[in-house]
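What the coordinates show
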Amino acid sequence: MISLKTLGLMALLLGVSWAYQVKPRNYHKLVEQQKKFNDRFEKEFLTEHLKYTETGVKSVRLSEMFDHLRQKPDMFRQELDNHPLPYQTTECTACRALVTTYLTYRRVLNWDRDRIAAQAASTCDTLAILLPENCVKVIDKNIDIFLYIIDNRPSLTAQTICGVIFQSGACVLEDREFLDWTINVAPGGTPITSSKTGSSRGPNDLKIVHLTDLHYDPHYRTGYNAVCGEPCCCREAQGIPENPDERAGEWGDYRDCDSPWKAVEDAVREAGRRHPDAAYVYHTGDIIDHGVWETTIPGNVRSITLTMNLLKDVFGSTPVYNVLGNHEITPTNVFAPSHIDRPDFSPSWVYELVADQWESWLPAAAKQTILEGGYYTALVRPGFRVIGLNNNDAYTFNWWILYDPAYMRGQLQWLHDTLLEAERAGEKVHILAHIPIGAGTSFVTWARQYRRILDRFWNTVMAHFHGHTHADEFNIFYSASNPQHAINVAFNGGGTVPFSNFNPNYVVYYVNPQTYDVTDFESFYFNLTEANLNPTRNPLWTDLYSFSRDFNIPNVSPASLDTLARRFGSTPSELNRYWEMKVKRGDPFLEQGCDGECLLNHLCEIVTNEANDDQKCNELVAAFRQIDDDKWNWKK
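Below: a short report on this structure. (Residues numbered from 1 in each chain as written. Predicted model: local features only at pLDDT ≥ 70, side-chain atom pairs only at ≥ 80, totals over all residues. Heavy atoms only, no water.)

1. With respect to the overall build of the chain
Here is the rule we go by: Secondary structure elements follow DSSP: runs of H or I of four or more residues count as helices, runs of E of two or more count as strands, with numbering from the N terminus. With the radius of gyration taken over C-alpha atoms, the globule rule is written as 2.2 Å times the number of residues to the power 0.38. Using a 1.4 Å probe on the protein chains alone, a residue whose accessible area is under 20% of its type maximum counts as buried, one over 50% counts as exposed, and one in between counts as partly exposed. Between two residues, a contact is recorded if the distance between any of their heavy atoms is within 4.5 Å. Reported accessibility uses the Shrake-Rupley method at a 1.4 Å probe radius. Residues are deemed covered only where the shown protein chains occlude them. Note that His is not counted, nor are the chain ends; the positive residues are Lys and Arg, and the negative ones are Asp and Glu. Throughout, a charge is located at the NZ atom of Lys, the CZ atom of Arg, the CG atom of Asp or the CD atom of Glu.
A tally of helices and strands in the chain yields 22 helices and 12 strands. Computed over its C-alpha atoms, the radius of gyration of the chain comes to 24 Å, within 12% of the 26 Å expected for a compact globule of 636 residues. Burial statistics for the chain: of 636 residues in total, 64% are counted as buried. In the chain, once contacts between residues fewer than 6 apart in sequence are set aside, the share between residues at least 24 apart is 75%. Summing over all exposed atoms, the chain offers an accessible surface of approximately 23,200 Å²; the carbon and sulfur share of this is 50%. Here the chain contributes 60 positive and 80 negative side-chain charges, whose respective centroids are spaced 3 Å apart.

So this is what it looks like as structure tokens:
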């Protein structure tokens, strides 16, 4: 059976690909129908499962219901909002039924920790999510946190839990306690009267290197199983397959594998060699591998320390500004609030670690907020400030949202207050964060409050820099109060890890030294197939694109990229070219291709800032679906 813990396990094993699913025209009607179905299914499932636990006999109906809920292994590499809409409805049904059942077992029947853990491990094994011993490990890592939250929040319902995790479709969050908290936003600011323009690339621009999602796997072994059936492969414990085609490559693997150290080191050293004139380096997190069942504090400390030492060795005196990824903590994703006093739940070990390791790049005052919550600010040079957020606390797979939905308010209020001080000082700001702000897996209330901050300080914040998705992409922020105006841009550095189907890459930005707006950006990558065919030499890095040149735009300001997004909406060939660059020309992606609906999803990702806010997407969808068939001839 699928338990609450196993549902959490599934979320832990989800990959990193942030995406958007365009809604059908009758979506709201379908959602209402699905809600009624879920209510009936939830009650019937609880009744059938109670009979099963009492008698030990699984009814035919219960078997049918389990078949309906069964998760597909190929979904584990993807974020929930990247799953096809029909499957999202099944996942929501599963969440409601299973959580209600296990809340009953805990709160009404008083099942103890060991009984729930054993049931969850059995379910994990039955579904072949992991090897049996790995099921036990990952459940053991998370069960105490789940039980603590459930026991201390007796009013927490399945509807709320599933609404926080999915926050879409029939699992839309409706609990006002989770939706109604706010931060204080100061009056004033520059009125938003048009889309934000910017300058074009110039000879004196600052150069900033962006590295992200290194995902070093100390257990990676060349030649080992890359088709292991688990969420993370190419590892020593998974053996050497008989079929040579299923063996891990020397420099990484397109399949569900992280990076060997030699590939991490090659990427970082290549960026240093190719761009010795870089003024700054942005590193937006996820050093740790996807082997979530066996991460440990000592292991994570070793990998983080090794990576920080590499960055110091390669970039020397060049400042490196880091943020934490959701994989840096163990258990993965789970950043407890500072007021939780159980030492075994505390994330303080990682805050203390990075406070020390980032110290040489940051002012002394930054240490205080890093120790409090893993975030900081630094004055880079007069008039230019960097803010590094730890927005992993707002990731919907951070279970502590369920315990205290408003604890994220503290960091957001600090962000607002820091921006207010920057505005008064005439400073411009770059914001770094690991999780894409506004992604479907950013907690919706957090994203909404963030948009209030950005509306207020749109003229102070010049750009955002993200990671997490492994895709080389950008996102346009639109004013929440004036959605016709594009006011900011988030650039995603992609990732040096190929997990899954990507080529490794890093990005370089050009920044105006007076205004600090990004004027242009370039991406560099290598083809993994070619590199693995030549294992005795280093990969051949080359340019993937120079954005303004390749898309014939004057700059990469919000106004310019808004115009480009609308151009994509009427020119499938250009949108397809953007998609090819976004997936970094990964051979498996190119072989599969991206049809019209696929392209439309990627187009909507560019303009979506908040879960369930489809306004900008709907505008582009209407135009895209009116395209003349002749414009699709480029595919023939």
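2. Thoughts on the nonpolar core
Put simply, the rule reads: Definition used in this section: a nonpolar core is a set of buried Ala, Val, Leu, Ile, Met, Phe, Trp, Tyr and Cys residues joined via side-chain atoms within 4.5 Å.
By size, the foremost hydrophobic cluster in this structure holds 103 residues, and its most contacted members are Tyr321, Phe491, Phe547 and Leu561. Sequence-distant contacts of phenylalanine 491, defined by excluding residues within four places in its chain, comprise His210, Ala463, His464, Phe465, His466, Glu473, Phe474, Tyr509, Val518, Phe521, Val556 and Leu561. Core analysis: the next-biggest nonpolar cluster, separate from the first, contains 68 residues, Ala158, Leu415, Leu419 and Val429 among them.

3. Observations concerning the sheet that holds strand 1 (residues 206-211)
To keep things clear, this is the line we draw: In short, DSSP must find at least two bridges between two strands for them to pair. Fitting a line to C-alpha atoms yields each axis, with helices limited to the stretch in contact; the angle taken between N-to-C directions then spans 0 to 180 degrees.
Spatial ordering of the open sheet is given by 3-2-1-10-11-12, a layout of six strands whose pairing is mixed. The open sheet is flanked by strand 3 (320-322) and strand 12 (542-546), the only strands paired with a single partner. When strand polarity is set aside, the average angle formed by the axes of neighbouring strands in this sheet is 25 degrees. Examined bridge by bridge, strand 10 (residues 505-511) and strand 11 (residues 518-525) share seven bridges and lie antiparallel to one another. The residue bridging valine 508 from the neighbouring strand is glutamate 522, located in strand 11.

4. Quick word on helix 2 (residues 27-55)
Definition in use: Helix span is expected to be 1.5 Å times the residue number reduced by one.
Relative to the 42 Å expected for 29 residues at 1.5 Å per residue, helix 2 spans 41 Å between its end C-alpha atoms, a close match to the ideal helical length. Along helix 2, the positions that sit buried rather than exposed are Tyr27, Val31, Gln34, Asn38, Phe41, Glu42, Phe45, Leu46, Glu48, His49 and Tyr52. Where helix 2 terminates, the next one or two residues include glycine 56, which has phi positive at roughly 80 degrees.

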